[in-house]
Amino acid sequence: MPDIIKQFERGPYLSAALLCEKVLDEKDGVKSAIRIIDRITRTQIGPNPSMEMEPFDYSVVLLIKFKSGWARGVHTVKVQIAKPSGELTPEITNSVLFEGEEDRGIDIVGNMMIKLDQTGIYWIHVYLNDVKMTQIPLRVTYMPQVRQLRGGNPLQE
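Residues numbered from 1 in each chain as written. Predicted model: local features only at pLDDT ≥ 70, side-chain atom pairs only at ≥ 80, totals over all residues. Heavy atoms only, no water.

**Q** Is there a simple way to think about the overall build of the protein chain in this case?
**A** Looking only at helices and strands, the protein chain has one helix and nine strands in total. Put simply, the protein chain runs from its N terminus to its C terminus through helices and strands in the order α-β-β-β-β-β-β-β-β-β. When the 157 residues of the protein chain are sorted by exposure, 32% land in the buried category. Long-range pairs, those at least 24 residues apart, make up 66% of the contacts in the protein chain between residues at least 6 apart in sequence. By element, 49% of the accessible surface of the protein chain is carried by carbon and sulfur atoms, the whole surface being about 9800 Å². (Helix = DSSP H or I, 4+ residues; strand = E, 2+ residues; numbered from the N terminus. Buried < 20%, exposed > 50% of the residue type's maximum accessible area, 1.4 Å probe, protein only. Contact = heavy atoms within 4.5 Å. Areas by Shrake-Rupley, 256 points an atom, 1.4 Å probe, with all protein chains shown as cover.)

**Q** Is there a simple way to explain the pairing of strand S1 (residues 13-25) in this structure?
**A** Every other side chain in a regular strand lies on the same face of the sheet, so the side chains alternate between the two faces. The pairing of S1 with strand S4 (residues 56-67) spans seven bridges and is classified as antiparallel. Following the sheet pairing, Leu14 is matched in S4 by Phe66. (Pairing = 2+ DSSP bridges.)

**Q** What's the story with the sheet that holds S1 in this structure? I'm lost.
**A** Within the open sheet, the four strands sit side by side as S2-S1-S4-S7. Their pairing is antiparallel. The outermost strands of the open sheet, each flanked by one partner alone, are strand S2 (31-36) and strand S7 (105-116). Strand-to-strand twist in this sheet, taken as the mean axis angle between neighbours without regard to direction, amounts to 45°. (Axes fitted to C-alpha atoms, helices over the stretch in contact; angles between N-to-C directions.)

**Q** Explain the sheet that holds strand S6 (residues 92-98) here, please?
**A** Backbone hydrogen bonds hold the strands of a sheet together, and the pairing may be parallel or antiparallel. Reading across from one edge, S3-S9-S8-S5-S6 is the order of the five strands in this open sheet, with mixed pairing throughout. Both outer strands of the open sheet, strand S3 (39-46) and S6, are each paired with one neighbouring strand and no more. Going from strand to strand, the sheet's axes swing by 20° on average, the running direction of each strand aside. Two strands pair when backbone bridges link them, and strand S5 (residues 73-82) and strand S8 (residues 120-128) are joined in this way by six bridges, in the antiparallel orientation. Among the inter-strand pairings, Val79 is bridged to a residue of S8, identified as Val126.

This is the structure:
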């Protein structure tokens with residue numbers, strides 16, 4: 001068995017990694033991911049919309065959940081986004097502490113503002129101690145829509 005697999009045989013275990021609109025943290029400690037996002041469609045409507053997508057900022061929440069298994073101590077979680085072109089954004093790192101029983105864990109909830117300047121799939125890579133645990137796809141599509149102006153109101157059909 002490869003060493004990398006042996007390293008995580010007893011934990012920590014990734015139990016969730018997703019993008020959503022918001023995360024509710026209830027009084028009893030239970031979290032709810034609201035409106036899970038894996039696809040964004042950008043539209044531009046007008047008589048002469050650009051055929052190229054204009055860059056825009058998109059607000060999203062990243063939820064990562066780990067269960068400790070038999071892992072203990074401080075570990076490093078790293079997130080890095082790969083654009084459709086393959087260009088990598090600067091990485092974001094966070095230290096986490098695994099302690100207690102093996103079914104306990106940690107939740108990372110991060111508000112992110114992503115600059116979307118390309119169409120295609122953005123991959124959000126999630127690493128634990130420099131080992132890739134998963135990657136989350138986010139597809140961005142662009143839909144220019146030609147609509148003729150009538151009566152001075154550009155959106156009236």
